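Structural overview for review
Here is what each chain is made of, one letter per residue.
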Amino acid sequence: MEELYRPLVTSDTRIKVSSTLDKTVGKKNLTDGNPETCWTSQQGLPQIIQLVFPERVRPIRLILTFQGGFVGTHCSIDTAIFPEDPSWSTLTHIHPEDVNRRQVFLLPEVAAGGIQCLKLRFEKSSDFFGRIILYELQVEGLTP
């Protein structure tokens, strides 16, 4: 029987970003469900989005929607078990296409006990100045 994945990013998830162009394009826009709002980073690489879940989770799918021309084309996905002692380890690397459509990435299995922290580290951008524009960020998975 196939397990159903649930959204892991909730209102209790803490989100931290490395930079924001201005208040109108802040981190709250990443998860507001509105396809017309976005997070826009300042220029420079790497750009980072860090999620701290309220409980341990097992992420299975990462869903991203960028603005074409401002895509994080090389992204490291890092995890940590505890936010108090974030010993980060790289789970995988993804390579989003330079398009403005929804992209879904399957993630490798994490430890059976799950993780509480997930970090997206955008190391390259399709924008010459290293800016990232992201309209949607979703993480789906399971709770251990």
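Residues numbered from 1 in each chain as written. Predicted model: local features only at pLDDT ≥ 70, side-chain atom pairs only at ≥ 80, totals over all residues. Heavy atoms only, no water.

Looking now at the pattern of salt bridges. Tallied over the entire structure, the rule returns eight salt bridges. In this structure, R6 engages E55 in a salt bridge whose closest nitrogen and oxygen atoms are separated by 3.1 Å. Of the two residues, R6 sits in strand 1 (residues 6-7) while E55 sits in strand 4 (residues 47-66), which places them 49 residues apart along the sequence. Judged by its relative accessible area of 33%, R6 falls in the partly exposed class. Linking D78 and R121 is a salt bridge whose minimum nitrogen-to-oxygen distance equals 2.6 Å. Here the residue D78 occupies a position in strand 5 (residues 72-80), and R121 occupies one in strand 8 (residues 115-125), the gap between them amounting to 43 residues. Connected via shared salt-bridge partners are D78, R121 and E123. (Salt bridge = Lys/Arg side-chain N within 4 Å of Asp/Glu carboxyl O. Helix = DSSP H or I, 4+ residues; strand = E, 2+ residues; numbered from the N terminus. Buried < 20%, exposed > 50% of the residue type's maximum accessible area, 1.4 Å probe, protein only.)

Moving on, we come to the nonpolar core. Counting residues in hydrophobic clusters, the biggest one holds 29 residues, and the most contacted among them are I49, L51, F53, L62, L64, L120 and L137. At the level of elements, strand 2 (14-17), strand 4, strand 5, strand 6 (89-94), strand 8 and strand 9 (133-142) are the ones that each hand at least two residues to this core. Broken down by element, this core gets its largest block of residues, seven residues, from strand 4. Beyond its immediate sequence surroundings of up to four residues, L120 is in contact with Q47, I48, I49, L62, L64, C75, S76, I77 and L137. (Core = buried A, V, L, I, M, F, W, Y, C linked by side-chain atoms within 4.5 Å. Contact = heavy atoms within 4.5 Å.)

This brings us to the environment of P46. Mapped onto the elements, P46 comes out in the loop between strand 3 (39-40) and strand 4. A C-alpha to C-alpha distance of 5.3 Å links P46 and F122, two positions 76 residues apart in sequence. Setting aside residues up to four positions removed in sequence, P46 forms contacts with S18, R121 and F122.

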